[in-house]
Structure formats: structure tokens, C-alpha cells
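Given next are the chains, with one letter for each unit.
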There are 2 protein chains.
Amino acid sequence: MTDLDDIDRKLVLALAADATQSAGALGRTLGLSQPATWRRIRRLYDTGIIKGRKLDLDAEKLGFGVTVFLGVKLATKGRVSLEDFERAVVAIPEVQTVEHVLGMYDYRLRVTARDISDFERVLRRRIMTLPAVGNVEANVLLSEEQRPGPLQDA
Amino acid sequence: MTDLDDIDRKLVLALAADATQSAGALGRTLGLSQPATWRRIRRLYDTGIIKGRKLDLDAEKLGFGVTVFLGVKLATKGRVSLEDFERAVVAIPEVQTVEHVLGMYDYRLRVTARDISDFERVLRRRIMTLPAVGNVEANVLLSEEQRPGPLQDA
DNA sequence: GGTGAAACCAGCACGAT
DNA sequence: ATCGTGCTGGTTTCACC
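All of the points below concern the structure found in this document. (Residues numbered from 1 in each chain as written. Chains lettered and ligands numbered in written order. Predicted model: local features only at pLDDT ≥ 70, side-chain atom pairs only at ≥ 80, totals over all residues. Heavy atoms only, no water.)

Comments concerning the environment of E94 of chain A
Argument step 1. Along the chain, E94 of chain A turns up in the loop between α4 (79-89) and β3 (95-103).
Argument step 2. Residue E94 of chain A is classed as buried on the basis of its relative accessible area, which comes to 10%.
Argument step 3. In contact with E94 of chain A, other than residues within four places in its own chain, are R110, V111, T112, R121 and V122 of chain A together with P150 of chain B.
Argument step 4. Among the polar contacts listed, one links the side chain of E94 of chain A to the side chain of R121 of chain A, at a separation of 3.2 Å. (Helix = DSSP H or I, 4+ residues; strand = E, 2+ residues; numbered from the N terminus. Buried < 20%, exposed > 50% of the residue type's maximum accessible area, 1.4 Å probe, protein only. Contact = heavy atoms within 4.5 Å. Polar contact = N/O pair within 3.5 Å; in protein donor to acceptor, adjacent residues only side chain to side chain.)

What to know about the relation of the copies chain A and chain B
Argument step 1. The transformation that overlays chain A on chain B combines an axial shift of 0.0 Å with a rotation of 180°, and the residual RMSD is 0.3 Å. Look at the turn and shift together and you get a two-fold axis relating the two. Within chain A, the C-alpha atom positioned nearest to the axis of rotation is that of K54 of chain A, 2.8 Å from it.
Argument step 2. Here 98% of the contact residues of chain A are again contact residues in chain B; the copies associate through an equivalent surface. (Least-squares fit on C-alpha atoms with pLDDT ≥ 70 in both.)

Examining the interface of chain A and chain B
Argument step 1. In this complex, chain A contributes 64 residues to the contact, which on the side of chain B involves 63 residues.
Argument step 2. Surface buried jointly by chain A and chain B totals about 5900 Å² across both partners, of which 58% is contributed by carbon and sulfur atoms.
Argument step 3. Taken as a group, R53, K54 and L55 of chain A account for 12% of the area that chain A buries against chain B, more than any other trio of residues on that side.
Argument step 4. Where chain A packs against chain B, one counts four salt bridges.
Argument step 5. Here R110 of chain A ties to E99 of chain B by a salt bridge, and the two come within 3.9 Å at their closest N and O atoms.
Argument step 6. Mapped onto the side of chain A that touches chain B, the elements with two or more residues apiece are α1 (6-17), β1 (50-57), β3, β4 (107-113) and β5 (133-146) of chain A. (Buried area = accessible area lost by both parts, 1.4 Å probe. Salt bridge = Lys/Arg side-chain N within 4 Å of Asp/Glu carboxyl O.)

Right, here's the structure in full:
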């Protein structure tokens, strides 16, 4: 962990809500000059607290109307099984996120497809044929809401 | 869905990989002038295909070392139950994502905490006391990988 | 889509507190 | 150690063709 002062925390919060804001605009709302604000942001990058900026895309408008979360339990799980599975799963373009987890499942996948029949194709031809795959459970995404996270009152 | 031409698709792909790139730099690699590139990016914003730019933060460096996915099954689920649950759950600062899903669970929550004992506090005092909450299943995040998504060959 | 230009911003000096 | 001022080159964002 790295400790941040009050201003850094406000900067991270403001940028987390909208990373488009400029250093000058942020500084104005915080009562800081533009270079001072910029230096703090750069320091947040340099220390790795901010890893980068990512686009927030509308999957539906891009033609991908179906998002499904898959919980995958491996049938066998030595070191080789995990590595084989991970290598194979990241080669599937429809897989957006691969989460290695501990609990009822071994992996959690976020899969996106054009429609339900497209998803069936991905499931049957790509997911079910993954090495060492055991039980698979699916949850179809209806709606999603992102929250600022626990930093707000930290 | 909105249809994009080849250049727009390349723009979205390039920006999805690194949203820091300038319109000028992108235009140079695509053989387009800087304002033309910028107009295309702005059109992607205006049509809502690009919803915004978000920070990619290192939760661990911010002092939140534990991330847990919770699958929540509601005990009762009329319209009121869903609304009550959603209203209560978005008020918990540790909840980063609320996903309404169809399948074995009704909701999937991404919860982040400082450590395991901090997570236990959130689970016992905030999650388990949510209105209409039934069965809860947990998966602890070990590692996570983001992929570009299926647009690459569309 | 291109060109040109204005306003703005990033990024780096230097000096002050 | 960090802020502020002043500056330069690049970027955004507007004209108009």
C-alpha cells in the first residue's frame, strides 16, 4: 500500500468518475495550480496507483447484446491443468475477462456474444472444449451498475 | 446497434488498448488527418458507442487487497424486493459492481475490502443484513486478466 | 475528408515558501 | 518537499473550403 494525502484521494476519485478531465480543470476545483495538479497525477502514474486509462464502451451499440458470466470448475487441477486452461481461454475472442478465483468455482469468465444463438456457438464449440473443464454454470447479464468504490470515505 | 466502417473499428480497437493516445498519433497510423480522426472519435462519443474514459486503478496499492465476488439469491422476489435490494446494496461503499443476472443467482456483487477481516465485517454487517437476501456464495479473486474482446475480428 | 488557426493542455524549467 | 509562474510544443476544437 501507498499512502495518499487528502488531495491525492480527491484526485483519484474525480478521475475515477471521469478520466477525461484535464489537470487544469481539476486544479481549479481543488484550488491548486495546473502544474501542481499535473505533478500529483504523474506521481500517481509513476507509483503505479493509476495503471492507465481505459475506454468505457457500449457493447450493445457495437452489436454485442448478450453478456454471460460463466463459473467454471476444472475436472483436474494440477499446475499443468491451470496453465493449459488459461492459455486456451485467453485465445477465445469472446472472453473479455478471466478471473482466477477461490471458492465454488476455479475460474469466472465474462463472455460477450452478438445474441443468444451466437453465445450457444461459443459455449458449445469453444468453452465446452477447453482442456480440463468440468462443471460450467452460467448467469446472463440483465443490467449492471458501477459504483465509485470504497475510496470515497477512506 | 450502430454500424461502423473499417476505420472506426480500428479507432475503437486502438483506443480500447490505450485510451491515452492522441487523435493526431492515431491519424498518422491510419493515414488520416488529425481533425478528421478527432471528428470520428467525437462521433463515437456522441452516438454513445464510447461512453467515457475510466481510470485503471491498482486496488492493492490503494490499500484494498481483497476482492470477492458474491452470488446472491433473493429469498423473495417481487418487484419491491428487487428495488429494495438494489437501493440498499448501492449504499454499501465496498460494493464496486452490482450485476442483475439470470440463472443460479439473482445478483452478482464485486466487493473490495482492506483484508479478510475487513471483508468479514462487510459480509456480516452489510451484506447479510440486506433486505430479502437469501443464499450467498463467495469467490475470492486470486488474479484477473482483461482481454480486448470480440471486436478484433468483427 | 483537408487546411488553417485559436484556445487549451501537457510537460519542464526556475525560484519561492 | 511542494507550490506557483512562465514558457514551449503538442493537442483539442473550432472555423471554412
